[in-house]
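Fold and contact review
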Amino acid sequence: MKPASFTYYRSSSVEEAVQWLGEHPEGKIVAGGQSLIPLMNFRLSRPEELLDITGIPDLASVVEADGVLDIGGLIRHQALAEHEVLQRQVPVLTDAARHVGHWAIRNKGTLGGSLVHADPAAELPAAMVALNATFELASSDGVREVSAREFYLGFLMTDIQPGELLTHVSIPIREDVSFGFIEIARRPGDFALAGAFVEVAGDGTGAVTWFGISGGPERRELTWADTPEERKVALLEQLDTVDILEDEMYRRHAAVTVAEQAYRSVVGGTQL
Ligand SMILES: Cc1cc2nc3c(=O)[nH]c(=O)nc-3n(C[C@H](O)[C@H](O)[C@H](O)COP(=O)(O)OP(=O)(O)OC[C@H]3O[C@@H](n4cnc5c(N)ncnc54)[C@H](O)[C@@H]3O)c2cc1C
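Conventions we followed
- Residues numbered from 1 in each chain as written.
- Predicted model: local features only at pLDDT ≥ 70, side-chain atom pairs only at ≥ 80, totals over all residues.
- Heavy atoms only, no water.
- Near = heavy atom within 4 Å.
- Polar contact = N/O pair within 3.5 Å; in protein donor to acceptor, adjacent residues only side chain to side chain.
- Areas by Shrake-Rupley, 256 points an atom, 1.4 Å probe, with all protein chains shown as cover.
- Helix = DSSP H or I, 4+ residues; strand = E, 2+ residues; numbered from the N terminus.
- Pairing = 2+ DSSP bridges.
- Axes fitted to C-alpha atoms, helices over the stretch in contact; angles between N-to-C directions.
- Contact = heavy atoms within 4.5 Å.
- Salt bridge = Lys/Arg side-chain N within 4 Å of Asp/Glu carboxyl O.
- Buried < 20%, exposed > 50% of the residue type's maximum accessible area, 1.4 Å probe, protein only.
- Core = buried A, V, L, I, M, F, W, Y, C linked by side-chain atoms within 4.5 Å.

As a matter of local geometry, the ligand sits amid 31 residues, with Ile 29, Gly 33, Gln 34, Ser 35 and Thr 110 nearest to it. Measuring from an oxygen atom of the ligand, one finds a backbone N or O atom of Ile 29 at 2.6 Å. A distance of 2.7 Å separates an oxygen atom of the ligand from a polar atom in the backbone of Gly 33. Protein chains bury 88% of the 960 Å² of accessible surface belonging to the ligand in isolation. Elements with a minimum of two residues in the shell around the ligand: strand S2 (28-30), helix H7 (111-117) and strand S10 (165-172).

Here four strands make up an open sheet; going across it, the order is S11-S12-S13-S14 and the pairing antiparallel. Bordering the open sheet on either side are strand S11 (177-184) and strand S14 (218-223), each of which pairs with just one other strand. Strand-to-strand twist across the sheet, computed as the mean angle between neighbouring axes with direction ignored, equals 20 degrees. Contacts from helix H5 (residues 91-98) reach S11 and strand S12 (194-201), with the element oriented near 10 degrees to S11.

A few words on the pattern of salt bridges. Pairing between side chains of opposite charge can happen when the charged atoms of each approach one another. For the structure on display, the rule yields 14 salt bridges. Salt-bridge contacts for Arg 219 lead to Glu 199; the nearest nitrogen and oxygen are separated by 3.0 Å. With Arg 219 in strand S14 and Glu 199 in strand S12, this residue pair connects regions lying 20 residues apart in the sequence. Glu 199 gets classed as buried once you look at its relative accessible area, which sits at 5%. The salt bridge partner of Glu 218 is Arg 220, with a shortest N-O separation of 3.2 Å. One connected set of salt bridges, linked through shared partners, spans Arg 144, Asp 159 and Glu 164.

This next bit is on the nonpolar core. One finds Leu 93, Met 128, Phe 135 and Ile 171 to be the most contacted residues of the largest nonpolar core, which totals 39 residues. In contact with Met 128, not counting residues within four places along its chain, are Leu 93, Leu 111, Leu 115, Ala 133, Phe 135, Ala 148, Val 169 and Ile 171. Core analysis: the next-biggest nonpolar cluster, separate from the first, contains 22 residues, Ala 194, Leu 222, Trp 224 and Ala 255 among them.

Quick look at the environment of Gly 212 now. For Gly 212, the location among the structural elements is in the loop between strand S13 (205-211) and S14. Sequence separation of Gly 212 and Leu 245 is 33 residues, and the distance between their C-alpha atoms is 8.4 Å. Apart from the residues within four sequence positions on either side, Gly 212 is in contact with Pro 120, Ala 121, Ala 192, Leu 193, Leu 245 and Arg 251.

Interpretation in functional terms is not warranted from these geometric data alone.
Here is the structure:
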């Protein structure tokens, strides 16, 4: 399958890219191409102009300063998974990145592309919601910051505006909270059928962020009960407020299972 014809542009700086986006309102950014190009090949997306941003230097860096991690939007999934600072400070993120597709996809796909494409079963948008990340969006009007928790609006819908480029993600380093992550997929490398990030604070409070069960990341705060039975009841209560995709019974069950396993991965204990 081949895409409809398009004109290809390439930018070498953020300034050049946002100027191009301002002048080409119908144009589309391509980064790793691992979501956009299949859509174009199936003719589900037919942009007439594509702007390749992979030549912009300095957008794939990771900087740790003042308790915050700043990650460039062009970092590839595989580089994210293997990054030594991230493995030390946010192992839940590097673990999640290892679950994105296969090596060939992780070697091309970028963090920014995944966060903006916003597949409901994608790991990284939910990771950013759980980690309370902030996205930096640049346009010809300037730069704005949006919390990941406000960015995701529904099925493949985000708060990104025409002409905006996701340049950076910042993540506060939390030493008071432990994180866990588990997903269920048919085969290794497949999109998740259901996945969960859990946060567990020392006083037993925390949250669960699900993905793959509805139109986007679903974060719910809760107090983690002492027994699996009580935790199941609490999780099912939270799921009552989620607009679950098809196969509702299965997904509810899967959502409780991944949350419980992610919880146990943090606090220890036998797996379900
Ligand atoms: C077989 C297969 C299996 C996969 N499995 C998984 C999986 O298990 N989990 C998962 O999460 N993903 C999976 N993916 C998708 C993969 O992670 C993509 O890399 C990712 O969704 C998009 O990143 P990209 O850089 O390739 O973006 P592109 O495909 O280049 O772009 C995607 C969208 O984001 C926009 N965009 C890209 N970068 C920016 C930016 N910096 N600022 C603003 N807009 C931008 C583009 O305009 C486009 O609309 C899979 C893909 C394939 C082909």
